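Residue-level structure breakdown
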Amino acid sequence: VDNLGIGANKGLIFFRWAEESGLCKHDERTYNAMVRALAGEDASNKFWRVVDEMRNAGFEMYRDTYVDVLGRFVKKGMIKDAVDLYEFAMGGLNKPSVHDCTFLLRKIVVGKELDMNLFSRVVRIFREGGNVITNSAFDAVLKSLTSVARVGECNSIIKALEEGGFQLNGTLQRK
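In what follows, the accompanying structure is described. (Residues numbered from 1 in each chain as written. Predicted model: local features only at pLDDT ≥ 70, side-chain atom pairs only at ≥ 80, totals over all residues. Heavy atoms only, no water.)

To continue, consider the pattern of salt bridges. Applying the stated criterion to the full structure yields 13 salt bridges. Here arginine 36 and aspartate 64 are joined by a salt bridge, their closest N and O atoms 3.1 Å apart. With arginine 36 in helix H2 (residues 28-39) and aspartate 64 in helix H4 (residues 63-75), the pair connects residues that are 28 residues apart, well separated along the chain. Residue aspartate 64 is classed as partly exposed on the basis of its relative accessible area, which comes to 47%. In this structure, arginine 121 and glutamate 87 form a salt bridge, with 2.6 Å as the shortest nitrogen-oxygen distance. Linking arginine 121 in helix H7 (residues 116-128) with glutamate 87 in helix H5 (residues 79-90), this pair joins segments that are 34 residues apart in sequence. Judged by its relative accessible area of 17%, arginine 121 falls in the buried class. On the basis of relative accessibility, which here comes to 31%, the residue glutamate 87 falls in the partly exposed class. Within this structure, Lys80, Asp84, Glu87, Arg121, Arg124 and Glu128 form a network of salt bridges that share partners. (Salt bridge = Lys/Arg side-chain N within 4 Å of Asp/Glu carboxyl O. Helix = DSSP H or I, 4+ residues; strand = E, 2+ residues; numbered from the N terminus. Buried < 20%, exposed > 50% of the residue type's maximum accessible area, 1.4 Å probe, protein only.)

Below you can see the structure in the form of C-alpha cells.
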C-alpha cells in the first residue's frame, strides 16, 4: 500500500476487494503489509480488526512488522496500543525480545502520567511468557523514573515488579 502511493483506507478497500473478488487469497505477507500500512494512519479500529483477522487466519506478525509498528505507536505516544501490540506478539510464535519489555516499561514511566495498570500489565505479560525481570531491567526503569523526577513512585514500581516475580537485592535496594 505504501509503495503504491495510496492511503491506508483505500489500500484496505483494495485489500478486501482483491480477496472478495477471488483475485487473490491473502497470506502472511499481504496481511503484514496491510498491518504496516494501517499502523501509520489514525485507524486504530481498522488496524486491530486486520491484526485479529490475521491471527484467526493462522498467520503471524513478522518480527520486523512488530518492531516497525511498535516504534510508530511509541513515537505517537500511543502507549496503550504499544502494550496491546506487545501482548499480541507475546501470544504468537514470533515473540518480542526480552529488551522490548524493558523498553515499554521505560516508556510507561516517562509518560505524561504514570499508568501503573499498563506497567503491571507489561510485567504480567512478560512473566506469563516465561521470563523474569532482571536487575539490569530494573536499573533501566529506575533511571527512567529518576529522569522524570518520579522517584516518589519507586515503591509502586517495585511492588508491581515484585508481583511479577522480581526479587530486589540489597544493592538495588540501596539505590
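Next comes the rest of the account.
Attention now moves to the packing of aromatic side chains. Applying the stated rule across the entire model yields six aromatic pairs. Seen in terms of ring centroids, phenylalanine 47 and tryptophan 48 are 4.8 Å apart; in terms of plane orientation they differ by 85°. Their pairing is edge-to-face. Just as phenylalanine 47 is buried, tryptophan 48 falls in that class too. Put simply, the rings of Phe15, Tyr31 and Phe59 touch in pairs and so form one group of aromatic residues. If you follow arginine 55 out to its NZ or CZ, it ends over the ring of phenylalanine 88, 3.9 Å from the centre. (Phe/Tyr/Trp six-rings, centres within 6.5 Å; stacked < 30°, edge-to-face > 60°. Lys NZ or Arg CZ within 6 Å of the ring centre and 35° of its normal.)

The next subject is the packing of helix H1 (residues 8-20) against H2. At a minimum axis separation of 9 Å, H1 and H2 run at an interaxial angle of 155°. Considering the angle they form, H1 stands roughly antiparallel to H2. Helix-helix and strand crossings are classified by hand; for H1 and H2 the assignment is left-handed. Along the contact surface, H1 presents Ala8, Gly11, Leu12, Phe15 and Glu19, while H2 presents Thr30, Tyr31, Met34, Ala37 and Leu38. Partitioning the contact of H1 with H2 into residue classes produces seven nonpolar, two polar and one charged. (Axes fitted to C-alpha atoms, helices over the stretch in contact; angles between N-to-C directions. Parallel < 35°, antiparallel > 145°, perpendicular 65-115°, else oblique. Left-handed = near helix turned anticlockwise from the far one by under 90°. Contact = heavy atoms within 4.5 Å. Nonpolar A, V, L, I, M, F, W, Y, C, P; charged D, E, K, R; others polar.)

The next subject is a nonpolar patch on the surface. Where nonpolar side chains cluster on the molecular surface, the patch consists of Phe14, Trp17 and Leu23 and spans about 360 Å² of accessible area. Position of tryptophan 17 relative to the elements: it lies in helix H1. (Patch = residues over 30% accessible without salt bridge, like charges linked within 9 Å, V, L, I, M, F, W, Y side chains within 5 Å. Areas by Shrake-Rupley, 256 points an atom, 1.4 Å probe, with all protein chains shown as cover.)

Between its first and last C-alpha atoms helix H6 (residues 98-109) spans 18 Å; for twelve residues at 1.5 Å apiece the expected length is 16 Å, and the two agree. For H6, the set of buried residues is Asp100, Cys101, Thr102, Leu104, Leu105, Ile108 and Val109. Buried residues along H6 sit against H4, H5, H7, helix H8 (135-147) and helix H9 (154-163). (Expected span 1.5 Å × (residues − 1).)

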